[in-house]
Amino acid sequence: MRGAQLARQWRILRHIESSRQGLSVAELAGLEGVSLRTAYRDLEALQEAGFPLFSEREEKSQRWAFVDAYKFQVPQPFTLTELMSLHLYGDLAKLLKGTSFYDSLESLFKKVKSTLTPKTLAYLDRIQSAFSVGLKPYKEYGRFREIINQVNKAVLDHRRIKIAYLPLRSQSETIREVDPYKIWFFEGSIYLIGFCHLRGEVRMFAVDRIKVLDLTDNVFTPPAAHDVDELLRHSFKVMLDDLHVVKVRISPAWSRWAAEKVWHESQQNRKLPDGGLELTFRVAGLDEIRMWVLSLGPEAYVVEPESLKKAVESSLTAALSLYQPARKGKSLGRAKGE
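All of the points below concern the structure found in this document. (Residues numbered from 1 in each chain as written. Predicted model: local features only at pLDDT ≥ 70, side-chain atom pairs only at ≥ 80, totals over all residues. Heavy atoms only, no water.)

### Some thoughts on unusual backbone geometry
Next up, step 1: The linkage connecting E304 with the following residue, P305, adopts the cis geometry, with an omega of 5 degrees.
Next up, step 2: With respect to the helices, strands and loops of the structure, P305 is situated in the loop between β12 (300–304) and α13 (306–321).
Next up, step 3: With a phi close to 55 degrees, H158 is a non-glycine residue in the positive phi region.
Next up, step 4: Its relative accessible area of 31% is what places H158 among the partly exposed residues.
Next up, step 5: Here E187, not a glycine, exhibits a phi torsion of approximately 50 degrees, which is positive.
Next up, step 6: As for its placement among the helices and strands, E187 is situated in the loop between β5 (174–186) and β6 (189–196).
Next up, step 7: Classification of E187 by relative accessible area gives exposed; the value is 53%. (Helix = DSSP H or I, 4+ residues; strand = E, 2+ residues; numbered from the N terminus. Buried < 20%, exposed > 50% of the residue type's maximum accessible area, 1.4 Å probe, protein only.)

Here is the structure:
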């Protein structure tokens, strides 16, 4: 309830800020679908929080707006609510704690805070207590600070790098030369996208698996930004591989939950007569979508391709064998998928 009230008050600020002539209480109440009394209470709460709002009578109603002099105190080209929103992004920045990116964001947040009044900051603190950003799972990137700095420099300067890299499913490092195209942050992990001269194709590298990195003197010409984005858009998560058309059926019990989310931009939904849902994707590689299907257990069934169906069946069989009496006490280290 408290969170909904704060969210509504935030939207009222946005409405007033975007209106040149100000807005009446009736207009604000209509925009938010609340009573006049509730709208009045919200405006009073915002004034008490230190926001420079004033009202003036115009014909038969009062119009609310920001004090003109206050607008000139907000650094151009920002608006007040844009600066406030930036302040609230502090939770997201914690994912990068220990890196130079975090240091720069912290410096920016401090500058934003310096433009806001103590009462406004107190109001933002109340909003932050009502809304939070989930940060699990995440990696501690502080210990990879120097690697990240070097990767960032290489991307900006278009310089080839030589790395010792430990792939996820390998026990030994490989030495590679890579033309770094882009740094990509996804689901709490930082990746480097670049052309791998060892494999002769564009590859994705988890930054925390780069053990040693040297900047070379070789300069390369990067592809156009849209070419890299086009490459990424086919990944179900981060995998870069051949394209496959995948169809998965979701049980009636979980169909509404699945339909509420966009799992991939190629996603197409089709309702089934039994109340279930058929999802169709066009994705790069099958391993990541296999793990997604497995995470849904009996609520998901692969229709096609046949190779994915067999891979899911094999994984389920291997998982079930871990719980069989004959497997009790045996090591899990030999389970498929390592």
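Having seen the model, we can carry on.
### Quick look at the side chain of S235
Next up, step 1: Inspection of the secondary structure puts S235 in the loop between α10 (225–232) and β9 (243–250).
Next up, step 2: Apart from the residues within four sequence positions on either side, S235 is in contact with L240, H264 and A284. (Contact = heavy atoms within 4.5 Å.)

### So, the packing of aromatic side chains
Next up, step 1: Scanning all chains against the criterion turns up 11 aromatic pairs.
Next up, step 2: For the pair F281 and W292, a centre-to-centre distance of 5.8 Å together with 90 degrees between the ring planes defines the contact as edge-to-face. Of this pair, F281 sits in strand β11 (residues 277–284) while W292 is found in helix α12 (residues 287–295), placing the two residues 11 residues apart along the sequence.
Next up, step 3: Using a relative accessible area of 1% as the deciding quantity, one classes F281 as buried.
Next up, step 4: For W292, a relative accessible area of 8% gives the class buried.
Next up, step 5: Taken together, F236, W254, W257, W263, F281 and W292 form an aromatic cluster joined through their ring pairs. (Phe/Tyr/Trp six-rings, centres within 6.5 Å; stacked < 30°, edge-to-face > 60°.)

### Some details on the pattern of salt bridges
Next up, step 1: In the structure shown here, the tally under the stated rule is 18 salt bridges.
Next up, step 2: Among the ionic pairs, R233 bridges to E265, the shortest N-O distance being 3.1 Å. With a gap of 32 residues between them, R233 in the loop between α10 and β9 and E265 in the loop between α11 (252–259) and β10 (268–271) connect regions that are remote in the sequence.
Next up, step 3: Of the residues examined, R233 reaches a relative accessible area of 34% and is grouped as partly exposed.
Next up, step 4: Residue class for E265 comes out exposed when judged on its relative accessible area of 55%.
Next up, step 5: For the salt bridge of D287 with R290, the shortest nitrogen-to-oxygen distance reads 2.7 Å. (Salt bridge = Lys/Arg side-chain N within 4 Å of Asp/Glu carboxyl O.)

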